[in-house]
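Structure at a glance
As a plain string of letters, each chain reads:
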Amino acid sequence: MLMHIEGTFYMRDTYTCQRHDATTGNQDSEAVSVVIVGAGPTGLTVGNLLGMAGIDTLIVERNASLSDYPKAISLDDEGLRICQALGLESAMSKSILLNISAHYVSAGRLLAKVAPSSKRNGHPLISTFNQPEFETALLEGLKRFECVNVRFQSNVESFEQTDSRVIVTIRTPTGTLQTVTCSYLLACDGGRSTVRQKLNIPMKGTTFAQKWLVIDAISAEDPPPIAMFFCNPGRPAVTVPSPHKGRRWEFMLLPGETEKEMLSKERIAALIQQAGGSANSTIIRKTVYTFHSTL
Ligand SMILES: Cc1cc2nc3c(=O)[nH]c(=O)nc-3n(C[C@H](O)[C@H](O)[C@H](O)COP(=O)(O)OP(=O)(O)OC[C@H]3O[C@@H](n4cnc5c(N)ncnc54)[C@H](O)[C@@H]3O)c2cc1C
């Protein structure tokens, strides 16, 4: 079957489906080779890779749809190489702004400039992307594979491992519980992974939890392809260009500042202006998140 997805033709029957040994012996329980928990960029990417290998896969996502939340923005050359390997480079290109350089500034002085010219993997080292569009392209890519299914509004509640399989209990959109048996369960369920917690795998190392205001804005013109890091101890900040005349702004919260005041329209306009941006930017997303950095 030939499918048409956003200007790209895919041969659906190029990929044949192999079923691994995950039989349940129970007619009421579904069996697949792989269950992926989470339809974020990781789960959707793995789903495409497994689809290309013809492995029957079920992706289970607790949300009703893909997220429309300001999250990851930077993509390296390895990430672009994976997009290319998925055969989705052209479909994804509109969600990616290639070849970004970084300027580190303090009190108006340029401290350092990073403008990588190497293309060791055939792609620029730093690019930015629009995560909601990127995820949509990955989800569309899954339509090439009959052996990969995605279920939204479905929450992985628990799982049980035997020597040869994993029995996964899923809360379905109607509220009922369903059991799916698989050979492999992939925890692509994000930084707060419930699978990791259920397996009692702790996060190791130390982190410096900092609260940051993150704003995605659209300006009238294409911003220069330069990320600016404001090395100002009084208000650390960063701004990064993104596709479609987009610009991400991030400002660290100072002690005593509340989320409510930082998310106000007036405060956001003032912060962007102080950092050299336009007061007339259209804000499309804003949130305060806690930054963690741990290994
Ligand atoms: C405000 C904010 C800003 C960020 N900025 C950046 C940035 O600038 N650069 C960067 O690299 N990263 C950034 N991140 C991190 C970014 O979110 C991750 O890099 C990226 O989303 C990770 O993708 P993922 O697929 O691994 O996990 P996620 O995107 O978290 O996806 C996991 C999915 O699993 C689903 N899920 C979880 N548990 C279950 C369950 N039990 N059953 C079913 N589904 C489940 C969730 O609903 C979710 O959709 C930011 C995050 C936030 C919140």
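**Section: the overall build of the protein**
Summing up its helical and strand segments, the protein has seven helices and 18 strands in all. The dimensions of the protein, computed from C-alpha atoms along their principal axes, are 70 × 45 × 35 Å. When each of the 295 residues of the protein is scored for burial, the buried share is 43%. Of the contacts made within the protein by residues no fewer than 6 positions apart, 67% connect residues no fewer than 24 positions apart.

**Here we look at the sheet that holds strand β14 (residues 210-218)**
Hydrogen bonds between backbone groups are what pair the strands of a sheet, and the pairing can be parallel or antiparallel. The seven strands are arranged β8-β7-β15-β16-β17-β14-β18 in an open sheet whose pairing can be described as mixed. Because the sheet does not close on itself, it has two edges, and the strands there are β8 (109-114) and β18 (282-291). Between one strand and the next, the sheet's axes are offset by a mean angle of 20°, whatever the strand orientation. Here strand β16 (residues 237-242) runs beside strand β17 (residues 246-252); their pairing, made up of six bridges, is antiparallel.

**With respect to the packing of aromatic side chains**
Throughout the structure, instances matching the rule amount to three aromatic pairs. Taking 4.7 Å as the distance between ring centres and 10° as the angle between the ring planes, the aromatic pair formed by tyrosine 104 and phenylalanine 229 counts as stacked. Placement of tyrosine 104 in strand β7 (residues 101-106) and of phenylalanine 229 in strand β15 (residues 226-230) is noted, with a sequence separation of 125 residues between them. Sitting over the face of the ring of tryptophan 249, arginine 247 holds its NZ or CZ atom 5.9 Å from the ring centroid.

**With respect to the nonpolar core**
Counting 24 residues, the largest nonpolar core has Met92, Ile96, Phe134 and Leu138 as the members making the most contacts within it. Among the secondary structure elements, those contributing two or more residues to this core are β3 (30-37), α1 (41-52), α2 (77-85) and α4 (131-141). Among the elements that line this core, the one with the most residues is α4, at three residues. The residues touching methionine 92, leaving out its near neighbours within four places in the chain, are Cys83, Phe134, Ala137 and Leu138. By size, the runner-up hydrophobic cluster in this structure holds 15 residues, among which are Ala217, Phe251, Leu253 and Ile272.

**Notes on the sheet that holds strand β6 (residues 96-97)**
An order of β5-β9-β6 is seen for the three strands of this open sheet, with the pairing classed as antiparallel. The open sheet terminates on both sides in strands that have one partner only, identified here as β5 (74-76) and β6. As paired elements, β6 and strand β9 (residues 126-129) share two bridges and run antiparallel to each other. In the strand pairing of β9, isoleucine 96 is matched with phenylalanine 129. Across the sheet, α2 lies against β5, β6 and β9, angled at about 75° from β5, the strand it touches most.

**Observations concerning the site of the ligand**
Close contacts around the ligand come from 25 residues, with Thr42, Glu61, Pro70, Lys71 and Val156 the closest. Between the ligand and the protein, one listed contact pairs an oxygen atom with a side-chain N or O atom of asparagine 63 at 3.3 Å. Contact between the ligand and lysine 71: a nitrogen atom at 3.0 Å from a main-chain N or O atom of the residue. For the shell around the ligand, the secondary-structure elements that each account for two or more residues are α1, β11 (155-161) and β18.

**Structural notes on the packing of α1 against α4**
Each packed pair of helices is defined by two parameters, the angle between the axes and the distance between the axes. Interaxial distance between α1 and α4 falls to 9 Å at its minimum, and their mutual angle equals 25°. For the element pair α1 / α4, the angle class is roughly parallel. Classified by chirality, the crossing of α4 by α1 is left-handed. From α1, Pro41, Leu44, Thr45 and Asn48 reach across to α4, where they touch Gln131, Glu135, Leu138, Leu139 and Gly141. By residue class, the composition of the contact of α1 with α4 is four nonpolar, four polar and one charged.

**Some details on α4**
Taking burial as the measure, the eleven residues of α4 include eight buried ones, the bulk of the element. All of the buried residues in α4 are Gln131, Pro132, Phe134, Glu135, Ala137, Leu138, Glu140 and Gly141. Residue asparagine 130 occupies the N-cap position of α4, its side-chain oxygen lying 3.1 Å from the main-chain nitrogen of glutamate 133.

**Some points on the domain arrangement of the protein**
Along its sequence, the protein is organised into domain 1 (2-70 + 133-198) and domain 2 (204-295). Taken together, the four residues of domain 1 in the interface contact six residues of domain 2. Summed over both sides, the interface of domain 1 with domain 2 buries roughly 450 Å², with 52% coming from carbon and sulfur. On the surface where domain 1 and domain 2 come into contact, there are two residue pairs in polar contact (both at pLDDT 80 or more). Here the residues of the side of domain 1 that touches domain 2 sort into two nonpolar, no polar and two charged.

**As for the pairing of β14**
Taken together, the nine bridges between β14 and β18 define a ladder with antiparallel strand orientation. In the strand pairing of β18, isoleucine 215 is matched with lysine 286.

Calculation rules
- Residues numbered from 1 in each chain as written.
- Predicted model: local features only at pLDDT ≥ 70, side-chain atom pairs only at ≥ 80, totals over all residues.
- Heavy atoms only, no water.
- Helix = DSSP H or I, 4+ residues; strand = E, 2+ residues; numbered from the N terminus.
- Buried < 20%, exposed > 50% of the residue type's maximum accessible area, 1.4 Å probe, protein only.
- Contact = heavy atoms within 4.5 Å.
- Pairing = 2+ DSSP bridges.
- Axes fitted to C-alpha atoms, helices over the stretch in contact; angles between N-to-C directions.
- Phe/Tyr/Trp six-rings, centres within 6.5 Å; stacked < 30°, edge-to-face > 60°.
- Lys NZ or Arg CZ within 6 Å of the ring centre and 35° of its normal.
- Core = buried A, V, L, I, M, F, W, Y, C linked by side-chain atoms within 4.5 Å.
- Near = heavy atom within 4 Å.
- Polar contact = N/O pair within 3.5 Å; in protein donor to acceptor, adjacent residues only side chain to side chain.
- Parallel < 35°, antiparallel > 145°, perpendicular 65-115°, else oblique.
- Left-handed = near helix turned anticlockwise from the far one by under 90°.
- Nonpolar A, V, L, I, M, F, W, Y, C, P; charged D, E, K, R; others polar.
- Domains from an automatic or database assignment.
- Buried area = accessible area lost by both parts, 1.4 Å probe.

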